[in-house]
Amino acid sequence: MPEAQMVGSSLEVRRPLLEVRHLVKRFPVGGLFGKKQLHAVTDVSFTLDRGEVVALVGESGSGKSTTARLIVRLYEPTSGEIIFDGKDILKTEPRKASLSFRGRVQMIFQDPFGSLSPNHSIGFQLERPIRIHKRARGEAAVRAKVYELLETAGLNPPEEMARKYPFELSGGQRQRVAIARALAVEPEIILADEPVSMLDVSIRMGVLNLMHRLKEERGIGFLYITHDLASARYLADRTLVMYAGHVVEAGESVDLMDNPQHPYTQLLLSAVPNPRAGLRTREVQARGEIPSLINPPPGCPFAPRCPRVMPQCRHTMPEVAQVGPDHWLRCHLFPPG
Amino acid sequence: MDDRSTPLIDIRNLYVEYLTNRGPVRAVENVSFAVKSGEVFGLAGESACGKSTIAHAILRVLRPPAVITGGRILYKGVDVLGLERTSPEEYRNKVLGGVTRKGIGSSAELIERYRWAEVSMVFQSAMNSLNPVVKIVHQITDVLMRHLDIDRAEARRRAEELMEIVNIDKRRLEAYPHQLSGGMRQRIVIAIALALRPSLMIMDEPTTALDVVVQKDILQQIDQLKREYGFSILFITHDLSLMVEFSDRIAIMYAGEIVELAPANEILNNPLHPYTKGLLASFPSITGERVKMSGIPGAPPNLLNPPAGCRFRERCAEWTGVDIPRSPQLQEVIPDHFAACECKYGRADHA
Ligand SMILES: Nc1ncnc2c1ncn2[C@@H]1O[C@H](COP(=O)(O)OP(=O)(O)O)[C@@H](O)[C@H]1O
Ligand SMILES: Nc1ncnc2c1ncn2[C@@H]1O[C@H](COP(=O)(O)OP(=O)(O)O)[C@@H](O)[C@H]1O
Ligand SMILES: [Mg+2]
Ligand SMILES: [Mg+2]
């Protein structure tokens, strides 16, 4: 397996649009001399292509948001490569992301309230990126494009929605505006960080289905970040499971969730409410919480909680092993080769 | 469970409004349900449908601008909303089974005793409400000593016992809240709610802010404690999968009203109200075939000015076009299974 491809068919000749390789982010923390480091993301590799949804799942603090923020350069990576359209953008755009990159990769945030400016109409907030990225020229063309975006995002009637202000919209409508705004620049990839977590349950599916439609009809690739495994299984072609900054298991979503191999993935899945299984049918097999990420000990981060821990787990991080056509994991129970 | 026994708590035709300067918010409208002894009763619904308001009414902690504009709440036959007018004798006979206890001399004492020793509550995001500058041990012993005639040493011993019950090392009693994880803090809040051995525990979204592994662990523990001590639970959440897994019976709320009430397996396998069906279609499954789910179009109405008649009508996939001028009433469509949908099940006015 090519080392970078934790997820992705190694047989493909054409390279995927986005390739993340050995991404690392450490935040200096504590003390005047800041000697301690918080290992937020450690050796994360994956690929994301056009027309594909890849889910990044894991408990809070596992490094999901940091991963997305590294890709759009809200944070500078400590090390690693971000290959976009064949170029290592950390080398070609060393200081910050170029306008062209920002026009091709967009991010949507969890909070539909905080991510829109309260002082401007929805129409104005959609016009801005269209003008900056020159996706339409002339008053009439920009207007038409705004209406088209609103319609695409299911915000009807568009003329009326364009005149509204964020406070006049429901949470679900605001998240649709955030999606419309991301779409305004005609991106090829959208990184969506918990886009439905703060929405009421009955309107979440509408937003997820909208993302699915954009993937199908426009070939947009989505990185779907969530702590909700069921929605990842629903929406994503592939899923990556993160724990304490590491991707511990990855694969085709349904296969991964029906046949989880890593003890952490198994634990996580056994804890997801499943009314048909009942509360007592599957006991939780491990207690405890994510370990401290500040100067962590060597070895697998899950070792202290793992029901199947072995001596080597406590001093070396396992290598990536392939256990199925598109199913990878890092666990000493599955040595590579 | 004996269905014919008097329920532990009986909510009858409850109405609550918040008087805001933009007008009254009709948060709870004609809500009736009863929780039996030893039962886990679930109250499910989206945010702002009135779940917490009902809980606060039961606990007698509603404050202005909230006003209870109608209805009764009976706890072991005692009128909770009229506790001020309840005599200590009546309270002793009905609630305490004739046993004499200290601290029910005045109505204020009586309400305070009802609030902790009979009905306790784990508030929404309670784990963040522990006093940050007070050690855990004192947060627990304070509650114990306020209500029980015990000294500090005995209170401390009981605090240690409570820590054991919720599975936390008793040395953690010396910690301050910020030194503990969210899961531990939530367990401590549960320990405090258990401290006086109440008959009813209200849990308002007790695990919403926690990760699934911690959530499952805590719910299993609550389930075990419930079976050990025999208290009832009023369990509130917007997560229907969790609710179905954890509850015996469930009431589904929409915009201040209960629209369906049935045993948990009936809610899951035979939902009758279109809103319940829509909610179920909002939770993709973690197993089985991957099928397209629709959720529910639109958004809940503003309770400042709710539509007349059926509040769900404009989002309803099954609306027949018939105008229902008044709010649809809950009726027993099949035994023990109630739904408030007059388009489909007509109106039972003879009741
Ligand atoms: N700007 C920052 N400075 C210091 N630590 C951070 C920063 N951003 C995130 N972290 C830490 O990195 C870890 C991973 O966080 P995050 O990526 O937000 O996780 P997730 O999105 O999976 O919940 C957490 O321990 C978090 O506290
Ligand atoms: N203090 C208050 N003042 C005005 N309106 C309130 C207040 N508290 C709650 N409400 C309103 O009452 C309704 C029900 O709220 P709540 O009981 O908290 O719902 P839930 O717990 O189901 O989310 C909502 O419409 C909410 O906006
Ligand atoms: Mg995050
Ligand atoms: Mg609430």
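Each chain has its residues counted from 1, following the order in which its sequence is written. For this description, chains carry letters from A and ligands carry numbers from 1, given in the order in which they are written. Local features are withheld for residues below a pLDDT of 70 in this predicted model, meaning they are given only at 70 or higher, and side-chain atom pairs are given and counted only at 80 or more; totals for whole chains, interfaces and linings count all residues. Note that the side-chain values use all heavy atoms of the structure and ignore hydrogens as well as water.

Asks: Looking at this structure, I do not really get the overall build of chain A. What am I missing?
Replies: Numbering of helices and strands runs from the N terminus, with a helix taken as a DSSP run of H or I at least four residues long and a strand as a DSSP run of E at least two residues long. Regarding its fold elements, chain A presents 11 helices and 12 strands. Two things to know: the radius of gyration comes from C-alpha atoms, and the globule rule equals 2.2 Å times the number of residues to the power 0.38. In terms of overall dimensions, chain A is globule-like: its C-alpha atoms have a radius of gyration of 21 Å, near the 20 Å expected for 337 residues. Along the three orthogonal principal directions, the C-alpha set of chain A runs to about 70 × 50 × 50 Å. Within chain A, buried positions represent 55% of all 337 residues. For chain A, contacts bridging at least 24 residues in sequence account for 63% of all contacts bridging at least 6. Entry remark: accessible area of chain A is about 14200 Å², with carbon and sulfur atoms responsible for 52%. Buried, partly exposed and exposed residues are distinguished by accessible area as a fraction of the type maximum, computed with a 1.4 Å probe on protein chains only: under 20%, between the cut-offs, and over 50%, respectively. The criterion used for residue contact is that any of the two residues' heavy atoms lie within 4.5 Å. In these tables, accessible area is a Shrake-Rupley quantity obtained with a 1.4 Å probe, and a residue counts as shielded only by the protein chains included in the view.

Asks: For this particular structure, what's the right way to read the coordination of the magnesium ion (ligand 4)?
Replies: Around a metal, the perfect tetrahedron of four donors has angles of 109.5 degrees, and the perfect octahedron of six donors has angles of 90 or 180 degrees. Residues and elements named next belong to chain B. Coordinating donors are taken to be N, O and S atoms lying within 2.8 Å of the metal, or within 3.2 Å when the metal is Na, K or Ca; because water is excluded from the atom set, some sites may appear incomplete. Distances from the magnesium ion (ligand 4) to its protein donors, namely S52 (OG) and Q124 (OE1), fall within the range 2.1 to 2.4 Å. One end of the pair, S52, is in helix α1 (residues 51–59); the other, Q124, is in the loop between β6 (119–122) and α4 (136–147), and 72 residues separate them in sequence. We classify Q124 as partly exposed; its relative accessible area is 42%.

Asks: Would you explain the site of ligand 2 in this entry?
Replies: Residue and element names in this part refer to chain B. One heavy atom within 4 Å of a molecule or strand is enough for the residue carrying it to be called near that molecule or strand. The local shell around ligand 2 holds 14 residues, among which A48, G50, K51, S52 and T53 are the closest. We call two N or O atoms a polar contact when they sit within 3.5 Å, provided that within protein one can donate a hydrogen and the other can accept it, with sequence-adjacent residues counted only if both atoms are side-chain atoms. At 2.6 Å, a backbone N or O of A48 approaches an oxygen atom of ligand 2. Here K51 contributes a side-chain N or O atom positioned 2.9 Å from an oxygen atom of ligand 2. Here ligand 2 loses 67% of its free accessible area of 560 Å² to cover by the protein chains. Every element with two or more residues in the shell around ligand 2 is listed here: β1 (9–20), β2 (23–35) and α1. Per element, the largest residue contribution to the shell around ligand 2 is 3 residues, and it comes from α1. Nonpolar residues are Ala, Val, Leu, Ile, Met, Phe, Trp, Tyr, Cys and Pro. Charged residues are Asp, Glu, Lys and Arg, and all others, Gly as well, are polar. Within the shell around ligand 2, the residues separate by chemical class into 7 nonpolar, 5 polar and 2 charged.

Asks: Just checking my understanding: could you explain the site of ligand 1 for this structure?
Replies: All names here are of chain A. Lining the immediate environment of ligand 1, one finds 13 residues, of which G61, G63, K64, S65 and T66 sit closest. A distance of 2.8 Å is found between an oxygen atom of ligand 1 and a side-chain nitrogen or oxygen belonging to K64. Notes on ligand 1: free accessible area 550 Å², of which the protein chains cover 66%. Contributing elements (two or more residues each) for the shell around ligand 1: β2 (36–48) and α1 (64–71).

Asks: What should I look at first to understand the environment of I168 of chain B in this one?
Replies: Residues and elements named next belong to chain B. For I168, the position within the fold is in the loop between α5 (152–165) and α6 (182–194). Among the residues examined, I168 registers a relative accessible area of 8% and is labelled buried. For the pair I168 and M184, spaced 16 residues apart in sequence, the C-alpha separation works out to 7.4 Å. In this structure I168 touches M163, M184, R187 and I188, once residues within four positions along its chain are discounted.

Asks: Any chance you could explain the sheet that holds strand β5 (residues 87–88) of chain A here in plain terms?
Replies: For sheets, the rule is that strands pair by backbone hydrogen bonds, running either parallel or antiparallel. Residues and elements named next belong to chain A. Should DSSP find at least two bridges between two strands, the strands are taken to pair. Taken together, 4 strands build an open sheet; the order of strands is β2-β1-β4-β5 and the sheet is antiparallel. Looking at strand neighbours, the two that pair on one side only are β2 and β5, the edges of this open sheet. Across 2 bridges, strand β4 (residues 79–84) lies against β5 in antiparallel orientation. Following the sheet pairing, F84 is matched in β5 by K87.

Asks: Whenever I open this one, the pairing of strand β4 (residues 66–75) of chain B confuses me. Can you help?
Replies: Each regular strand displays side chains that alternate between the two surfaces of the sheet. Residue and element names in this part refer to chain B. As judged from the 8 bridges shared by β1 and β4, these two strands associate in the antiparallel manner. Bridge pairing in β4 links I9 to Y75. Bridge count for β4 against strand β5 (residues 78–79) is 2 bridges, and the pairing is antiparallel. Paired with Y75 across the bridge in β5 is V78. Linking two consecutive strands that pair antiparallel, namely β4 and β5, is a turn of 2 residues; a positive phi of about 45° is found at K76 within it.

Asks: Got a minute to help me understand unusual backbone geometry in this structure?
Replies: Peptide bonds are mostly trans, and most non-glycine residues show a negative phi. For the bond from N156 of chain A to P157 of chain A, the omega torsion is -10°, close enough to zero to count as cis. Tracing the sequence through the fold places P157 of chain A in the loop between α5 (139–152) and α6 (158–163). For the peptide bond that leads from P64 of chain B to P65 of chain B, omega is 10°, which places it in the cis range. Residue placement: P65 of chain B occurs in the loop between α1 and β4. Even without glycine at this site, D43 of chain A takes up a positive phi of about 55°. Examined against the element boundaries, D43 of chain A turns out to sit in strand β2. The class for D43 of chain A is partly exposed, based on a relative accessible area of 24%.

Asks: Before we go on, may I ask you to explain the pairing of strand β11 (residues 331–334) of chain B in this structure?
Replies: Residues and elements named next belong to chain B. Inspection of the sheet shows β11 paired to strand β12 (residues 337–339) by 3 bridges, in the antiparallel sense. The residue bridging I334 from the neighbouring strand is H337, located in β12. What sits between the antiparallel neighbours β11 and β12 is a turn of 2 residues, in which D336 has the positive phi angle 65°.

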